[in-house]
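# Analysis of the macromolecular model
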Amino acid sequence: MSEVETFAFQAEINQLMSLIINTFYSNKEIFMRELISNSSDALDKIRYQSLTDKTVLDSQPDLKIEITTDDKNKIWIIRDTGIGMTKADLVNCLGTIARSGTKQFMEALTEGKADMSMIGQFGVGFYSAYLVADKVIVHTKHNDDEQYVWESEAGGHFTIRRDTGESLGRGTKIVLHLKEDQLDYLEERKIKDIVKKHSQFIQYPIHLLVRKETEREVEEEDTSDKKEEEKKEDDKKEDEAKVEDAKAEDKEKKKKKIKEVKEEWEQLNKTKPLWLRNPSEITKEEYGTFYKGLTNDWEEHLAVKHFKVEGQLEFTAVLYVPKRAPFDMFESRKKMNNIKLYVRRVFIMDNCEELIPEWLNFLKGLVDSEDLPLNISRETLQQNKILKVIRKNLVKKAIELFHDVKENKEDYKKFYESFSRNLKYGVHEDSQNREKLAELLMYHSTKSGDDQTTLKDYITRMKEDQKGIYYITGESKKSVENSPFVEGLKKRGIEVLFMTEPIDEYAMQQLKEFEKKKFICITKAGADLGETDEEKKAAEEEKKSFESLCSVIKETLGDKVEKVETSNRIVNSPTCLVTGEHGWSAYMERIMKSQALRDNSMSTYMVSKKTLEINPKHPIIKELKKKVDHDKSDKTVKDLIWLLFETSLLTSGFSLDEPSGFAGRIHRMIKLGLSIEDDDDAVNTELPPLEENTSTPVESKMEEVD
């Protein structure tokens, strides 16, 4: 008898097993999935080693997984011919866990935020055996060590001893002594169903020792047979033909059927990995099952693209679009992609950042390459040229998939609601596919109503002499559709796109045109708004007549604006503030101001100089012009100019530098409307003093408004 060593479980493992044993779960079958996955991993490891050293397979050449049951002793056994474990592995892997996954899983479990099906995600899949067993024995043999037995009843400790029993050659055998209420896992049908459900794509053969009942005929032994023979010996004179007939008759009567039980191995996972099958032979349900198994998503996928690339490079891929975006899609610490990389059906990694660009990080699926070397290191993989070709093809096929989804209006609406930001991010990042991605974009507009319109549809509705695609950026649809900037274009019947997401600002910096039609931001100076020659001529005349007012406004506002001029872009509003052609728009300015780690130095050269545009047809501006013509230094004029400027800031999408000053002016107007006498001291403390007015003041209560 070899020496038995006893070890204590790490405290966290002990707690975990206590939770597993003492809690009731309806879905206990996942123990089988986890143990088969562990066996597959062990087989992957020995196969990986054999690429550089074929002798490691000498101890057990066949790579396989075997499941057997012992109904009499209530035992369930899984055996693999994988890499096996050394004594140190048994202590480290089955008694302690370096990762913090155990603790995270336990916390989620106790708080009711997780169920047993998540156990594999936390790296503690082995312990799921205790869902169905009260005692677990592990026999294992590693090429570099003796054969050992690990045993535990989950009572806070485990034992390890040298195994003197049947030699495994190489690999691991796990023996589960099932609990009384879990004996249904000994049934062949149940084992077959679970393996088909969870492990049919495991690349190594999974064999189950099945018992098959057969019937066969045997002769029945009878003592009367001998007496019969003796009588027949004595009577030699009888006809020989009759004797033969009697013998045949007797033999027929004395045969019986007996049942025999034969044991034989039956392979349970004959199905090829789905991605290796012909796409035309795969049903939607099969794609759905594979998707759920691959991603642990509880919902069906929205769309799938299954393709094979052949030629100089050969690989197969299955790409899925989920129905909804993950809540942490753009988290910086999130895993960059959900595409698993296989090489000749051997799993390599699932976090290869070079495999797919960040803007496509919502796609799920796998890539199986025939050309990448199996023993490639992760570092080398990042620089591999083949990987760059795979990436290019994946992006191309992904865009094709999105165009396929677009054929179905309802599906595309769901897709766009979830992933429009990714497409716009792609427009910003991917110069090669920018035009194709732009075809997928949709926006609300002045003519689209509650629906969104594509850029292609917009172009079909453009006027013959329209200069380009007009758009406005802002925080919401409501704010931009009532913006002063839209008024003039609406009047001319020109459609304006509403871009209401921060990413739109970045995308439009790169997307200069679509189908040779330039994008024109209507909130910027120099925008060609499609004025006729007559309108331009009338505008020039108005500009001359309003020059004196413009100069007074500029003088009053100082460096708050770069210039003041008349405009035809506004109809119902008296003024608006436009930004420089090459600087930030009002919305972009607000976005940059809200950055948590923004660099203030950038603002000095990116914040645009503002131009105040006045509407010469508006009654307020006309009346203001009269006042200026009457008396340039009228205090009331300056009060009104400041109010117009600050309201223009708000209506044009900017934020107020001094909201309290603006509020003070509004409060004084309210008092004026209510005929409340103002306190001069209060005026002086609330608002900055204005210049003294030496001329005769115009009799108006507005003098009191700063």
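Residues numbered from 1 in each chain as written. Predicted model: local features only at pLDDT ≥ 70, side-chain atom pairs only at ≥ 80, totals over all residues. Heavy atoms only, no water.

### Digging into the overall build of the chain
Counting its secondary structure elements, the chain contains 24 helices and 23 strands. Pairs at least 24 residues apart make up 73% of the contacts formed inside the chain by residues separated by at least 6 positions. Entry remark: accessible area of the chain is about 38,400 Å², with carbon and sulfur atoms responsible for 46%. (Helix = DSSP H or I, 4+ residues; strand = E, 2+ residues; numbered from the N terminus. Contact = heavy atoms within 4.5 Å. Areas by Shrake-Rupley, 256 points an atom, 1.4 Å probe, with all protein chains shown as cover.)

### A few points about the packing of helix 11 (residues 409–429) against helix 16 (residues 502–510)
Contact geometry of helix 11 with helix 16 gives a least axis separation of 8 Å together with a crossing angle of 30 degrees. Classified by the angle their axes make, helix 11 and helix 16 are roughly parallel. Both helix 11 and helix 16 take part in a crossing whose hand is left-handed. Contact residues: helix 11 offers Arg421, Lys424, Tyr425, Val427 and His428, while helix 16 offers Ile503, Asp504, Tyr506, Ala507 and Gln510. Grouping the amino acids of the contact of helix 11 with helix 16 by side-chain chemistry returns 5 nonpolar, 2 polar and 3 charged. (Axes fitted to C-alpha atoms, helices over the stretch in contact; angles between N-to-C directions. Parallel < 35°, antiparallel > 145°, perpendicular 65-115°, else oblique. Left-handed = near helix turned anticlockwise from the far one by under 90°. Nonpolar A, V, L, I, M, F, W, Y, C, P; charged D, E, K, R; others polar.)

### A few points about the sheet that holds strand 22 (residues 575–578)
Reading across the sheet, the 3 strands line up as 21-23-22 and stay open at both edges, with mixed pairing between neighbours. Each edge of the open sheet is held by one strand with a lone partner, namely strand 21 (563–566) and strand 22. When strand polarity is set aside, the average angle formed by the axes of neighbouring strands in this sheet is 25 degrees. With 4 bridges joining them, strand 21 and strand 23 (residues 611–614) adopt parallel strand pairing. Among the inter-strand pairings, Glu565 is bridged to a residue of strand 23, identified as Glu613. Against the sheet, helix 18 (residues 547–557) makes contact with strand 21 and strand 23, and its axis sits at roughly 150 degrees relative to strand 21, the strand it touches most. (Pairing = 2+ DSSP bridges.)

### Some thoughts on the sheet that holds strand 18 (residues 496–499)
Strand order in the open sheet made by the 6 strands is 16-15-18-17-20-19, with mixed pairing throughout. Strands with a single pairing partner mark the edges of an open sheet, and in this sheet they are strand 16 (453–454) and strand 19 (513–514). In the sheet, strand 15 (residues 442–445) pairs with strand 18 via 2 bridges, with the strands oriented antiparallel. In the strand pairing of strand 18, Ser445 is matched with Leu497.

### Regarding unusual backbone geometry
The phi dihedral of Glu515 is positive, around 50 degrees, even though this residue is not glycine. Note on placement: Glu515 falls in the loop between strand 19 and strand 20 (517–521). Phi at Ser675 takes a positive value of approximately 55 degrees, unusual for a residue other than glycine. Along the chain, the position of Ser675 falls in the loop between helix 23 (659–673) and helix 24 (680–686). Ser675 sits in the exposed class, given a relative accessible area of 65%. (Buried < 20%, exposed > 50% of the residue type's maximum accessible area, 1.4 Å probe, protein only.)

### Brief notes about the pattern of salt bridges
Applying the stated rule across the entire model yields 29 salt bridges. Between Lys87 and Glu5 there is a salt bridge whose closest N-O contact spans 2.2 Å. Separated by 82 residues along the polypeptide, Lys87 in helix 3 (residues 87–95) and Glu5 in strand 1 (residues 4–8) bring together distant segments of the chain. For Glu151, the salt bridge goes to Lys135, with nearest N and O atoms at 3.3 Å. (Salt bridge = Lys/Arg side-chain N within 4 Å of Asp/Glu carboxyl O.)

### Some details on the packing of aromatic side chains
Tallied over the entire structure, the rule returns 20 aromatic pairs. Ring centres 4.9 Å apart and planes at 50 degrees place the aromatic pair Phe9 and Phe158 in the tilted group. One end of the pair, Phe9, is in the loop between strand 1 and helix 1 (11–22); the other, Phe158, is in strand 6 (residues 157–162), and 149 residues separate them in sequence. Three or more aromatic residues joined by ring pairs form one cluster here, namely Phe7, Phe9, Phe126, Tyr127, Trp150 and Phe158. Its guanidinium or amino end placed over the ring of Tyr185, Lys190 lies 4.7 Å from that ring's centre, counting from NZ or CZ. Taking the ring centre of Phe546 as reference, the NZ or CZ of Lys625 above it sits at 5.5 Å. (Phe/Tyr/Trp six-rings, centres within 6.5 Å; stacked < 30°, edge-to-face > 60°. Lys NZ or Arg CZ within 6 Å of the ring centre and 35° of its normal.)

### Let's talk about a negative patch on the surface
A cluster of acidic residues, Glu353, Glu354, Glu358 and Glu429, forms a negative patch at the surface. Relative to the helices and strands, Glu353 resides in the loop between strand 13 (346–349) and strand 14 (364–369). Of the residues examined, Glu353 reaches a relative accessible area of 48% and is grouped as partly exposed. (Patch = residues over 30% accessible without salt bridge, like charges linked within 9 Å, V, L, I, M, F, W, Y side chains within 5 Å. Lys, Arg positive; Asp, Glu negative; His and termini not counted. Charge placed at Lys NZ, Arg CZ, Asp CG, Glu CD.)

### Quick look at the pairing of strand 18
The two faces of the sheet receive side chains in turn, since in a regular strand these alternate between them. Residues Val496 and Phe498 line one face of strand 18 and the alternating positions Leu497 and Met499 line the opposite face, and both faces are buried. Relative to strand 18, strand 17 (residues 468–473) runs parallel, the two sharing 4 bridges. Across the sheet, the residue bridging to Ile472 is Phe498, located in strand 18.

### Points about the packing of helix 2 (residues 30–50) against helix 5 (residues 188–199)
Angle between the axes and distance between the axes are the two parameters that describe a pair of packed helices. Remark: helix 2 packs on helix 5, axes separated minimally by 9 Å, with the N-to-C direction vectors making an angle of 60 degrees. Here helix 2 lies oblique to helix 5, going by the angle between them. For helix 2 against helix 5, the interelement crossing comes out right-handed. Taken together, the residues of helix 5 that come into contact with helix 2 (itself represented by Met32, Arg33 and Ile36) are Ile191, Ile194, Val195, His198 and Ser199.

### Here's the deal with the nonpolar core
By size, the foremost hydrophobic cluster in this structure holds 74 residues, and its most contacted members are Val321, Leu363, Phe402 and Phe415. With 9 residues, helix 10 (residues 385–406) is the largest single contributor of residues to this core. Look past the residues within four positions of Val321 in its chain and what remains in contact with it is His301, Leu302, Ala303, Phe362, Leu363, Leu401, Phe402, Phe415 and Phe419. Counting 50 residues, the second largest nonpolar core, distinct from the first, contains Ile46, Ile65, Ile202 and Leu208. (Core = buried A, V, L, I, M, F, W, Y, C linked by side-chain atoms within 4.5 Å.)

### Brief notes about the pairing of strand 6
As defined by bridge partners, strand 1 adjoins strand 6 across 5 bridges and the pair is classed as antiparallel. Each residue of the ladder has a partner; that of Val4, found in strand 6, is Arg161. With 4 bridges joining them, strand 5 (residues 147–152) and strand 6 adopt antiparallel strand pairing. Bridged to Tyr148 within strand 6 is Arg162. Following strand 5, the chain reverses through 4 residues before pairing antiparallel with strand 6; Ala154 in that reversal takes a positive phi of roughly 65 degrees.

### Focus: the confidence of the model for the chain
Looking at the chain as a whole, its pLDDT mean stands at 80, while 79% of the residues score no less than 70. Element-level mean pLDDT values for the chain span from 46 in helix 24 up to 96 in strand 3 (residues 75–80). Note on residues 223–227: pLDDT is under 50 here. Beyond four places in sequence and across chains, it has 1 contact. Below pLDDT 50 for its whole length, residues 374–379 participates in 15 contacts with residues either more than four positions away or in separate chains. (pLDDT = per-residue confidence, 0-100.)

### Description of the environment of Ala129
Note that Ala129 resides in the loop between helix 4 (101–110) and strand 4 (133–141). In this structure, the C-alpha to C-alpha distance between Ala129 and Leu178, residues 49 residues apart in sequence, is 9.3 Å.

### Details of helix 18
Every buried residue of helix 18 is listed here: Leu549, Cys550, Val552, Ile553, Thr556 and Leu557. All buried residues of helix 18 fall inside an arc of 165 degrees around its axis, so they share one side. Residues of helix 18 that are buried in the fold lie against strand 21, strand 23, helix 21 (619–630) and helix 22 (635–651). Downstream of helix 18 by a residue or two, Gly558 has a phi angle that is positive, lying close to 60 degrees. (Arc of directions from axis to C-beta.)

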